[in-house]
Amino acid sequence: MALAQVDRVKAMLAAGHPGVRAEVLSMTTSGDRWQGSLSALGGKGAFTKEVDAALLAGEVDLVVHCVKDVPGDRPAPAGTVMAGYLARDDVRDAWLHPAGVPIDQVPPGTVVGTSAVRRIAQIGLHWPHLNVKPIRGNANRRLAKLDAGEYDALLLAVSGLDRIGEADRITHPLDVDTMVPAVGAGTLVLQCREDDVAVRELAASLGDARAWAETTAERTMLHILQGSCHSPIAALARTEPDGRIGLRARVISPDGKTVADAHEWERDPVLLGTAVAVSLMRQGAREILAEAERASSTA
Ligand SMILES: NCc1[nH]cc(CCC(=O)O)c1CC(=O)O
C-alpha cells in the first residue's frame, strides 16, 4: 500500500514538474514489524518515528503518509511540516465476506477481523451480535488470514484495498453515517523539512485545498480531545456546495452503549474542529475516552 502511495506521488511529480527527478526509498517501521498490540509500542508514532528521523537527517526529502497513521495528539515533529494534503480517496470502510453476505444479514457470532477501537465500538453500536476478533498486519496479510478461514469477515478501508488492487474483494462499503470513518481516512499527506523551501513548494503544488480544510477540521477536533491510537473517535468533514464545511464526529464507549455525537458547520476549519470538540466534551466525551483508555490498558 505504501509503495502504491509513493508511486502516485511520483507520477504526480512527473506530470506537474517534469524537471524533478524522484527516487523512492522504502522503509519498514517498527509498526510494520511488530505484530502485537500497537498500544504496547507506544501508539501510532510506531508508523512515523523512523521516517521522521530519516527526513530530519536528510536521507529523504519528502515523506508520504496516510493521515490516519499520523499521531493526532501532538503537532508535527519539530523541524518538519505537513506541506500538502492530496485530494481524498474513498473515506469509507468496507465489509468483506467471502460468500458475499451483507453485514446486516450474517448470523450472530460471525467472526469479524478488526483491531481498530473505532470499528469495534461502532460494531457494538449497530451489530452487537457480531464477534470481533483482533487482527494485525498489512491488508494483504489480513486478506490471507480471511482466505485461511481464521475469520468469517473483515472490515478494511476501501481506499487501502483500492491502492493494492484488491477492491474486487469488497462485499459492500459501509455508509459513513453508520460507520463514521477515521480522522484523516483516505487522505495522503506530504511531509518535508521546514527549511526546505523548494520541496515545500513542490509538496504544496500537489496539495488540494479541500482536503487540507477537511483534514484540519477533523484533526483539530482530535487534537483537542487528545485522542490516541486506542481512542474510539470517528469523524468526517465534508465541504458543502455553499463553501461551508460540515464536521460530524462521534465518540463511542468500547461496548458501543454510550455515544457522544456532534455535527456542526463553519467556514473556518479550526473554528469548526473546536466547536465539535466542545460539543462532544459537553456530552461526556472525556469520560468515554477515559473509560476506553482503562479498558485498553487492562485488555
Ligand atoms: N490502519 C492502517 C491503515 N492506515 C491507512 C489505511 C488505509 C488508507 C486510509 O484510510 O487512508 C489503513 C488500512 C485500513 O485501515 O484498512
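Residues numbered from 1 in each chain as written. Predicted model: local features only at pLDDT ≥ 70, side-chain atom pairs only at ≥ 80, totals over all residues. Heavy atoms only, no water.

Asks: When you look at the pairing of strand β10 (residues 245-252) in this model, what are you seeing that I'm missing?
Replies: Regular strands place side chains that alternate from one sheet face to the opposite one. Within β10, eight of the eight residues are buried, leaving the element largely enclosed by the surrounding structure. In β10, alternate side chains face the same way, and those of Ile245, Leu247, Ala249 and Val251 on one face and Gly246, Arg248, Arg250 and Ile252 on the other are all buried. Sheet analysis places strand β9 (residues 233-239) next to β10, joined by seven bridges and oriented antiparallel. Among the inter-strand pairings, Ile233 is bridged to a residue of β10, identified as Val251. Following β9, the chain reverses through five residues before pairing antiparallel with β10; Gly243 in that reversal takes a positive phi of roughly 95 degrees. Pairing of β10 with strand β11 (residues 259-266) involves eight bridges; the strand directions are antiparallel. Paired with Ile245 across the two strands is Glu266, which belongs to β11. Counting the residues that bridge the hairpin from β10 to β11 gives six residues, and of these Gly256 lies at a positive phi of roughly 80 degrees. (Buried < 20%, exposed > 50% of the residue type's maximum accessible area, 1.4 Å probe, protein only. Helix = DSSP H or I, 4+ residues; strand = E, 2+ residues; numbered from the N terminus. Pairing = 2+ DSSP bridges.)

Asks: Explain the layout of surface pockets to me, please; I cannot follow it from the model alone.
Replies: Which parts of space are left empty comes out when a probe the size of a water molecule is rolled across the atoms. When its volume is computed, the second largest pocket comes out at roughly 440 Å³. Taken together, 22 residues make up the lining of the second largest pocket; nearest its centre are Arg74, Pro75, Ala76, Met82 and Arg219. The leading source of residues in the lining of the second largest pocket is helix α8 (residues 209-225), at five residues. Along the lines of polarity and charge, the residues of the lining of the second largest pocket split into 10 nonpolar, eight polar and four charged. A domain split of the lining of the second largest pocket shows at least three residues from each of domain 1 (1-86 + 186-207) and domain 3 (209-299). (1 Å grid on protein atoms, 1.4 Å probe; cavity = no way out; pocket = protein on both sides within 12 Å on 5 of 7 lines; lining within 4 Å. Points joined across faces, edges and corners; volume = space filled by probe spheres on them. Nonpolar A, V, L, I, M, F, W, Y, C, P; charged D, E, K, R; others polar. Domains from an automatic or database assignment.)

Asks: Whenever I open this one, the site of the ligand confuses me. Can you help?
Replies: By nearness alone, every residue bordering the ligand is listed as Met1, Cys66, Lys68, Asp69, Arg119, Leu156, Ala157, Ser159, Arg163, Ala185, Gly186 and Thr187. Ala157 has a polar backbone atom sitting 2.8 Å from an oxygen atom of the ligand. Computed on the free molecule, the ligand has an accessible area of 390 Å², of which 83% lies beneath the protein chains in the complex. A per-class count over the shell around the ligand returns five nonpolar, three polar and four charged. Two domains each provide a minimum of three residues to the shell around the ligand, namely domain 1 (1-86 + 186-207) and domain 2 (93-173). (Near = heavy atom within 4 Å. Polar contact = N/O pair within 3.5 Å; in protein donor to acceptor, adjacent residues only side chain to side chain. Areas by Shrake-Rupley, 256 points an atom, 1.4 Å probe, with all protein chains shown as cover.)

Asks: Mind showing me how you'd approach the environment of Asp242 here?
Replies: Along the chain, Asp242 falls in the loop between β9 and β10. Taking the relative accessible area as the measure of exposure, Asp242 reaches 40% and is therefore partly exposed. Separated by 91 residues in sequence, Asp242 and Tyr151 have C-alpha atoms that sit 44 Å apart. Polar side-chain contacts of Asp242 include one of 2.9 Å to the backbone nitrogen of Arg244.

Asks: Looking at this model, I keep getting lost on helix α3 (residues 49-56). Mind explaining?
Replies: Residue pairs spaced three or four apart in an α-helix point in one direction, given the helix's 3.6 residues per turn. Taken as a whole, α3 has its buried residues at Val51, Asp52, Ala54 and Leu55. For α3, the angular spread of buried residues about the axis comes to 165 degrees, placing them on one side. Residues of α3 that are buried sit in contact with β1 (62-66), β2 (80-85) and β8 (188-193). The positive-phi residue at the C-terminal boundary of α3 is Gly58, with phi of around 80 degrees. (Arc of directions from axis to C-beta. Contact = heavy atoms within 4.5 Å.)

Asks: Looking at this structure, how should I read the sheet that holds β2?
Replies: Within a sheet, neighbouring strands are paired by backbone hydrogen bonds and run either parallel or antiparallel to one another. One open sheet holds the three strands; their spatial order is β1-β8-β2, and the pairing between them is antiparallel. With partners counted over all chains shown, the strands left at the sheet margins are β1 and β2, one partner each. Averaged over all pairs of adjacent strands, the angle between their axes in this sheet comes to 35 degrees, without regard to strand direction. When β1 meets β8, the two strands line up antiparallel, connected through five bridges. Bridge pairing in β8 places Val63 opposite Gln191. Relative to the sheet, helix α1 (residues 2-16) contacts β1 and β8, its axis offset from that of β1 by approximately 130 degrees. (Axes fitted to C-alpha atoms, helices over the stretch in contact; angles between N-to-C directions.)

Asks: Please explain the nonpolar core as it appears in this structure.
Replies: Proteins that are soluble and globular tend to have nonpolar side chains buried together. In terms of nonpolar packing, the biggest core is built from 22 residues, with Met221, Leu225, Ile233, Leu247, Val251, Val276 and Leu280 touching the most fellow members. Those elements giving two or more residues to this core turn out to be α8, β9, β10, β11, α9 (269-282) and α10 (285-298). Counting residues per element, this core draws most heavily on α8, which supplies five residues. Those residues in contact with Val276 that lie beyond four places of it in its chain are Met221, Leu247, Ala249, Ala262 and Glu264. (Core = buried A, V, L, I, M, F, W, Y, C linked by side-chain atoms within 4.5 Å.)

Asks: Can you walk me through the state of the cysteines in this structure?
Replies: Cysteine pairs can be covalently joined through their sulfur atoms, and such a bond is termed a disulfide. In this structure the tally under the stated criterion is zero disulfides. Unpaired in terms of disulfides, Cys192 finds its nearest cysteine sulfur in Cys66, a separation of 17 Å. (Disulfide = S-S within 2.5 Å.)

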